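Overview (structure and organization)
The primary structure of each chain is shown beneath.
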Amino acid sequence: MNFIIDPISFIANWLMNLLLSLGLSPIVSNVIVKFIGAFLLGTFGFSLVIFTIWLERKLYARIQDRFGPNRVGPWGIFQTFPDMIKIFTKEYITPVGADKIVYNLAPIFSVSAVLLTWAVIPFAPTIVGTDLNVGVLYLMAVGSIGALGIILAGWSSNNKYSLLGAFRSVAQVVSYEVPMILALLIPVLLGQSMGVNSLVYAQDVWFIFLSPIAALIFFLSCLAETGRAPFDLLEAESELVAGYQTEYSGLKFGMFYVGEFLHAFTISALMATLFLGGWRGPWAEQVPILGVAWFFIKAFLVYFFVVLIRISMPRLRIDQMLNFNWKFLTPLALVLLIITAIVEKSFMVIAPSLNLMETAIPWVRAGLHLSVNLIIILITVQILKTHRVKEVQIVGKPRLVAVAPEPPASVIS
Amino acid sequence: MQSDWLFIGLFLLIVALFPGVPILLAGLISPHKSSPTKSQTYECGLETVGDTWVQFRVQYYIFALTFLVFDVELVFLFPWAVAFGQLTIFGLMSGVIFILILFVELIAAWRKGVLEWA
């Protein structure tokens, strides 16, 4: 019975006991079990990419009224495998003058930074890589390594356009980290913990209902961090050839793509965990395996929106994108943080005197936060309306147009 | 507690091997037919002109610096947010004033023209 309800921890316990009975010391057997767990988690992340690549291509195709991959396997579901084999046998072409060590390290960095995030994401109450008590801080720290991979790739390629892409990633990926961290502070504040699993436990009402603005800011800034359309300025193919990955070939090039697709799913998983209640759902706490199902339903729902935004939005210009970050998202997040803190504290002070029922307290709290959020949205929309750009400014002088010169006055008379 | 970080350490190793080993293997089985022409920089489809690592626009650097200021200060807010339940009104107000200082910083940077891309 236990095996059906919670297979992962059942197997882990069984393996642990087996190793202990073989006479290994507890430390060694702990290391072995953890190693196997880490290996399985990594494999799972990688196999998920194979699936999401197919899913994304298929969704793209359907949105654009095409068929998409439909030859290899049912609905073309095995299409990724031939592609993988093909890219696996391609030659590496290293440009002359490239910084060899950094050039080879960059694709590894960009994949592993994303994969590292999966260590703290809880799939179910018991199925979690490790429940760090500083999980959110870890997410922040690991999230910044991805930008490093892009910068290294652009810098080492000995290519001016790659370098320009890398600089843009400094301006973009790094800038969008500020509203992302500010938005992350709000679940931490509401859940009063930095452990990701305890944040999931704290979501009696999903945090997206408590603070829709924070969820939106987090989603948008995560989307910008992935560097995909509409925020794909780092590899804008009509401006920078292919940005930081121009000089890469073979599997090194493929790894950037793996990193990108994995990142797109990772932000959906993070969004599902931090704002949509993670594994929470009916009977999830009694039957952990159901939690996995709830988690992936939510994650794929968010992923669908990520793909939808990618396919339907045009690319932004770099000044527009930075303005959007520094002059809209960051001030909004700061204001939201102050107001959420004050509202939460006042609720804490007032709540005991209201004599509410035990079950009603989370709902009253959620209603309070939601209404404050809606007021902030209304005010923001009003401010945006008054500052709307009414006409496009034309830069530079008007062009000279060939016109017939005025005839001298003497001629007319 | 320690075993949590043990997992992170092991995962770090595995995560480095997962992209690293396939790249190495692909390097072994893929063809090696390098030639001077092939290994030239592609760049934009035209012949490369001049050095690559040249002076670049300072604006990128300024944005990175602004980010650094914010990032370092935001990390201080996490302990405040975690201990929010036990905070007194004084604790709440000191946090709010800290965020307001951040806000003033942002406005100062805005007024100074740091956030302009022109």
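Conventions adopted
- Residues numbered from 1 in each chain as written.
- Chains lettered and ligands numbered in written order.
- Predicted model: local features only at pLDDT ≥ 70, side-chain atom pairs only at ≥ 80, totals over all residues.
- Helix = DSSP H or I, 4+ residues; strand = E, 2+ residues; numbered from the N terminus.
- Buried ≥ 20, exposed ≤ 12 C-beta atoms within 10 Å, placed from the backbone.
- Contact = placed C-beta atoms within 7 Å.
- Rg over C-alpha atoms; globule rule 2.2 N^0.38 Å.
- Nonpolar A, V, L, I, M, F, W, Y, C, P; charged D, E, K, R; others polar.
- Expected span 1.5 Å × (residues − 1).
- Domains from an automatic or database assignment.
- Core = buried A, V, L, I, M, F, W, Y, C linked by C-beta atoms within 7 Å.
- Axes fitted to C-alpha atoms, helices over the stretch in contact; angles between N-to-C directions.
- Parallel < 35°, antiparallel > 145°, perpendicular 65-115°, else oblique.
- Left-handed = near helix turned anticlockwise from the far one by under 90°.

**Focus: the overall build of chain A**
What chain A contains, in helices and strands, is 16 helices and zero strands. Projected onto the principal axes, the alpha-carbon positions of chain A cover approximately 115 × 70 × 40 Å. Across the 413 residues of chain A, 47% fall into the buried class. Within chain A, counting contacts between residues at least 6 apart in sequence, those at least 24 apart form 75% of the total.

**Remarks on the overall build of chain B**
The helix and strand tally for chain B stands at four helices and zero strands. Counting from the amino terminus, helix and strand elements in chain B follow one another as α-α-α-α. Radius of gyration (C-alpha) of chain B: 25 Å, far over the 13 Å computed for a compact globule of 118 residues. Taken along the three principal axes of its C-alpha coordinates, chain B extends 70 × 50 × 15 Å. Here chain B holds 118 residues, and 23% of them are scored as buried.

**Quick word on the interface of chain A and chain B**
Listed as interface residues are 71 residues of chain A and, on the opposing side, 55 residues of chain B. Among the secondary structure elements, those contributing two or more residues to the side of chain A that touches chain B are α3 (26–63), α5 (100–117), α7 (160–172), α8 (177–191), α12 (250–274) and α14 (318–350) of chain A. Here the element with the most residues in the side of chain A that touches chain B is α14 of chain A; it accounts for 14 residues. Here the side of chain A that touches chain B is composed, by residue class, of 44 nonpolar, 16 polar and eleven charged.

**Details of helix α15 (residues 361–386) of chain A**
Residue and element names in this part refer to chain A. Over its 26 residues, α15 runs 38 Å from end to end, which matches the ideal 38 Å to within 8%, given 1.5 Å per residue. Of the residues making up α15, those classed as buried are R365, H369 and N373. On the buried face of α15, the contacting elements are α10 (207–210), α11 (212–226) and α14.

**Examining the domain arrangement of chain A**
All names here are of chain A. Domain boundaries assigned for chain A yield domain 1 (1–89) and domain 2 (93–350 + 366–383). Computed from C-alpha coordinates alone, the two centres of domain 1 and domain 2 are separated by 22 Å. Facing the 18 residues of domain 1 at the interface are 17 residues of domain 2. Elements with a minimum of two residues in the side of domain 1 that touches domain 2: α2 (7–21), α3 and α4 (80–88). No other element matches α3, which puts eleven residues into the side of domain 1 that touches domain 2. Of the residues in the side of domain 1 that touches domain 2, the class split is twelve nonpolar, four polar and two charged.

**Comments concerning the nonpolar core**
Of all hydrophobic cores here, the largest spans 137 residues; its most connected members are L185, F218 and M271 of chain A together with F11 of chain B. No other element matches the 14 residues that α12 of chain A contributes to this core. When neighbours within four sequence positions are excluded, M271 of chain A is seen to be in contact with F218, F219, L276 and V302 of chain A.

**Notes on unusual backbone geometry**
Residue and element names in this part refer to chain A. For D65, which is not glycine, the phi torsion reads 60° and is therefore positive. Along the chain, the position of D65 falls in the loop between α3 and α4. Not every positive phi belongs to a glycine, and W75 is a case in point at roughly 55°. Secondary-structure assignment places W75 in the loop between α3 and α4. Exposure remark for W75: the 14 C-beta atoms within 10 Å place this residue in the partly exposed category.

**Observations concerning the environment of E116 of chain B**
Residue and element names in this part refer to chain B. Position of E116 among the secondary structure elements: in the segment after α4 (89–112). Overall, the presence of 14 C-beta atoms within 10 Å leaves E116 in the partly exposed class. A C-alpha to C-alpha distance of 31 Å links E116 and S94, two positions 22 residues apart in sequence.

**Some thoughts on the environment of M84 of chain A**
Here M84 of chain A is to be found in helix α4. For the pair formed by M84 of chain A and I50 of chain A, sequence separation is 34 residues and the distance between their alpha carbons is 9.0 Å.

**What about the packing of α3 of chain A against α12 of chain A?**
Residues and elements named next belong to chain A. Running from amino to carboxyl end, α3 crosses α12 at an angle of 90°, the nearest separation of the two axes being 9 Å. It follows that α3 is roughly perpendicular to α12 by the angle criterion. Contacts from G45, L48, V49, T52, I53 and E56 in α3 reach V258, F261, L262 and F265 in α12. Its residues assigned to classes, the contact of α3 with α12 comprises seven nonpolar, two polar and one charged.

**Quick word on α12 of chain A**
Taking 1.5 Å per residue as the helical rise, α12 of chain A with its 25 residues ought to reach 36 Å, and the 36 Å between its terminal C-alpha atoms agrees with that figure. Counted residue by residue, α12 of chain A has 23 buried out of 25 residues, so it is predominantly covered.

**Quick notes on the packing of α12 of chain A against helix α13 (residues 288–312) of chain A**
Residues and elements named next belong to chain A. Packing of α12 against α13 leaves a shortest axis separation of 8 Å and a crossing angle of 125°. Classified by the angle their axes make, α12 and α13 are oblique. In the crossing of α12 with α13, the sense of the turn from one axis to the other is right-handed. Every residue of α13 that contacts α12 at A264, F265, I267, S268, A269, M271 and A272 is listed here: F295, K298, A299, V302, Y303 and V306. Here the residues of the contact of α12 with α13 are counted per class, giving eleven nonpolar, one polar and one charged.

**Concerning the environment of V302 of chain A**
Its place among the elements puts V302 of chain A in helix α13. Dropping the residues within four chain positions of it, V302 of chain A is found in contact with S268, M271 and A272 of chain A.

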